[in-house]
Amino acid sequence: MSKAITFSEYGAPEVLRPSEVTPPEPAPGQVRIRVRAASVNPFDLKYRSGLMAQAAPARLPVVPGLDAAGVVDAVGEGAGAAVGDEVLGFTVGGSYAEYALLERPVGRPRALSWEVAASLVTVGETASRVLRQLGARAGQTLLVHGAGGSVGTIAVQLAVARGITVVGTVGEHDVERLTAQGATAVRYGDGWAERVRAAAPEGVDLVFDASGAGVLADSVALAGDSARVITIADMSAAEHGVRFSAGSADQAEDFLPRLVQLAAAGELDVPVWRTYPLDQAATAHRDVEARRNKGKVVLLP
C-alpha cells in the first residue's frame, strides 16, 4: 500500500483526506513514477468542489491532480521511458500520491527543480495551446487577462519572445514583474478597458482571458471580433460568441519538450509560491481558493 490524497464526496477542501491505496500498475505505453512533486491547479479545486460534476464526473473515491514529476519505477510495454528515468507529465488517475501513472513522460533536465518540473505541465500546455489557437504572431498586440497568474505569466513570456506586443491586466503587486517580462501592465478592475485603450492606442488584435473575471464583452469590443478572443476560465463564453479552450494530455506532447528546454535554460520563468507536504493538500487548496498564492502551489509526497 502507498499514501495518497483522496476525496469520497464533493465539497470544501476538508473532503481531501490522506488515504492508503494500492499503487497503480502501468498499462501498455504507461510508466509509473515515484512522485517527487505534484502541482495544484485551479481545475483540481473545481473537480473537488463538484463544479465539474457534469462535464467531468468523478468516480468516487478519487485521487485528484493533473500533473507530476518523479522517478520511473515501473514501465508498461512500449513505454517511453525506463526505470530510473526522471520525468514529468500529465498523470492518468491523479497525482496527489506517492505513485502515479504517466502516458507521455518527458525527461527532466537536472537544471529543472522537481517543483518547477511539476508546475510547468498544465500551465505550459494551456498557454502554448491558446496562443496557437489565436494564431498569435510577431507584430500583433495581445491582451492577456490574468497576466499575473500561473497561465498568464507563461503566455506573456512566450508571446513577448515571439515579438508580440503584450498588454496584461494584473493587480498592483504584479505590475513590476509583468513589466520586467517585457509587457505593458494595466491594473484590472473598474475602468480596465479604458486603461487598455490608453496603453494600446493602435488597438488590440487578440485577447487571451485567463482570469474568468467577466471581461469578455469588453474584450470582444476591443478586439473587434469574438473570433479573436479565447477564454480558459469564463463559462459564459458561448453567450459572447467566444471560444472556450480546454486541453488534453494528447496536445501536451506538441509543446512540453520545448517548454522544458526553455525553463531549464532559464529562458522561461515558472514562479513557485509555496510547497506543502502531501498530507496538507487541504491547506494548499484553501490557499489557492483564497487566492493567497502568487505562483504555483506544489505538493511534496
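A. Expanded view of the packing of aromatic side chains. If you walk through the whole model with that rule in mind, you get three aromatic pairs. Taking 6.2 Å as the distance between ring centres and 45° as the angle between the ring planes, the aromatic pair formed by phenylalanine 7 and tyrosine 10 counts as tilted. Given the relative accessible area of 0%, phenylalanine 7 is considered buried. Judged by centre distance (5.5 Å) and plane angle (20°), the ring pair of phenylalanine 43 and tyrosine 47 falls under stacked. Of this pair, phenylalanine 43 and tyrosine 47 both sit in helix α1 (residues 42-49), four residues apart, which is roughly one turn of the helix. For tyrosine 47, a relative accessible area of 15% translates into the label buried. Chaining the aromatic ring pairs together yields one cluster made of Phe7, Tyr10, Phe43 and Tyr47. Here the basic side chain of arginine 108 rests over the ring of tryptophan 114, its NZ or CZ set 3.8 Å away from the ring centre. A cation over an aromatic ring shows up here: arginine 274 above the ring of tryptophan 273, its NZ or CZ 4.1 Å from the ring centre.

B. Fine view of the sheet that holds strand β11 (residues 206-209). One open sheet accounts for six strands, arranged β10-β9-β8-β11-β12-β13; its pairing is parallel. Every other strand in the sheet has two partners, leaving β10 (184-187) and β13 (243-244) as the edge strands with one partner each. Pairing of β11 with strand β12 (residues 229-231), which is carried by three bridges, proceeds in the parallel orientation. In the sheet register, valine 207 faces β12, and the bridge partner there is valine 229.

C. Molecular detail of the packing of helix α5 (residues 192-199) against helix α6 (residues 216-223). At their nearest, the axes of α5 and α6 sit 10 Å apart, and the two run at 25° to each other. One element, α5, and the other, α6, form an angle in the roughly parallel class. When you trace α5 past α6, the crossing you get is right-handed. Along the contact surface, α5 presents Trp192, Ala193, Val196 and Arg197, while α6 presents Asp218, Ser219 and Leu222. Here the contact of α5 with α6 is composed, by residue class, of four nonpolar, one polar and two charged.

D. Region of the structure containing the environment of valine 144. Positionally, valine 144 belongs in strand β8 (residues 141-145). Each residue touching valine 144, except ones within four places of it in the same chain, is listed here: Gly152, Val156, Val166, Val167, Gly168, Thr169 and Phe208.

E. Examining α1 more closely. For α1, every residue scored as buried is listed here: Asp44, Leu45, Tyr47 and Arg48. The arc enclosing the buried residues of α1, seen along the axis, measures out at 165°, which places them on a common side. Positive backbone phi, approximately 100°, marks glycine 50, located one or two places after α1.

F. Fine view of the pattern of salt bridges. Per the counting criterion, the structure on display carries 13 salt bridges. Put simply, glutamate 172 and arginine 187 hold a salt bridge, and the shortest N to O gap is 4.0 Å. Of this pair, glutamate 172 sits in the loop between β9 (165-170) and α4 (175-180) while arginine 187 is found in strand β10, placing the two residues 15 residues apart along the sequence. Residue glutamate 172 is classed as exposed on the basis of its relative accessible area of 57%. Here arginine 177 ties to aspartate 174 by a salt bridge, and the two come within 3.0 Å at their closest N and O atoms.

G. Seen up close, α6. Inspection of α6 places Leu216, Ser219, Val220, Leu222 and Ala223 among the buried residues, and these make up the whole buried set. All buried residues of α6 lie within an arc of 160° about the axis, which places them on one face of the element. One or two positions beyond α6, positive phi appears at glycine 224, with a value near 85°.

H. Spatial organisation of unusual backbone geometry. Geometrically, the link from leucine 60 to proline 61 is a cis peptide bond, its omega value of -5° lying close to zero. Located in the positive-phi region is arginine 291, a residue other than glycine, with phi close to 60°. Structurally, arginine 291 can be placed in the loop between α8 (281-289) and β15 (296-300).

I. Quick look at the layout of surface pockets. In this structure, the second largest pocket spans a volume of roughly 210 Å³. Along its surface, the second largest pocket is lined by Ser128, Arg132, Gln157, Leu158, Ala161, Arg162, Phe255, Arg258, Leu259, Leu262, Glu267 and Leu268. Those elements giving two or more residues to the lining of the second largest pocket turn out to be α2 (114-134), α3 (150-161) and α7 (249-264). Broken down by element, the lining of the second largest pocket gets its largest block of residues, four residues, from α7. Residue composition of the lining of the second largest pocket, grouped by class: six nonpolar, two polar and four charged.

J. Examining the pairing of β9 more closely. The element β9 is largely enclosed, with a buried count of five among its six residues. Relative to β9, β8 runs parallel, the two sharing five bridges. Bridged to valine 144 within β9 is glycine 168. What joins β8 to β9 is α3, and the crossover it makes is right-handed. With four bridges joining them, β9 and β10 adopt parallel strand pairing. Paired with valine 167 across the bridge in β10 is threonine 184.

Rules used in this analysis
Residues numbered from 1 in each chain as written. Predicted model: local features only at pLDDT ≥ 70, side-chain atom pairs only at ≥ 80, totals over all residues. Heavy atoms only, no water. Phe/Tyr/Trp six-rings, centres within 6.5 Å; stacked < 30°, edge-to-face > 60°. Buried < 20%, exposed > 50% of the residue type's maximum accessible area, 1.4 Å probe, protein only. Helix = DSSP H or I, 4+ residues; strand = E, 2+ residues; numbered from the N terminus. Lys NZ or Arg CZ within 6 Å of the ring centre and 35° of its normal. Pairing = 2+ DSSP bridges. Axes fitted to C-alpha atoms, helices over the stretch in contact; angles between N-to-C directions. Parallel < 35°, antiparallel > 145°, perpendicular 65-115°, else oblique. Left-handed = near helix turned anticlockwise from the far one by under 90°. Contact = heavy atoms within 4.5 Å. Nonpolar A, V, L, I, M, F, W, Y, C, P; charged D, E, K, R; others polar. Arc of directions from axis to C-beta. Salt bridge = Lys/Arg side-chain N within 4 Å of Asp/Glu carboxyl O. 1 Å grid on protein atoms, 1.4 Å probe; cavity = no way out; pocket = protein on both sides within 12 Å on 5 of 7 lines; lining within 4 Å. Points joined across faces, edges and corners; volume = space filled by probe spheres on them. Right-handed = clockwise from strand over helix to strand, strands pointing away.

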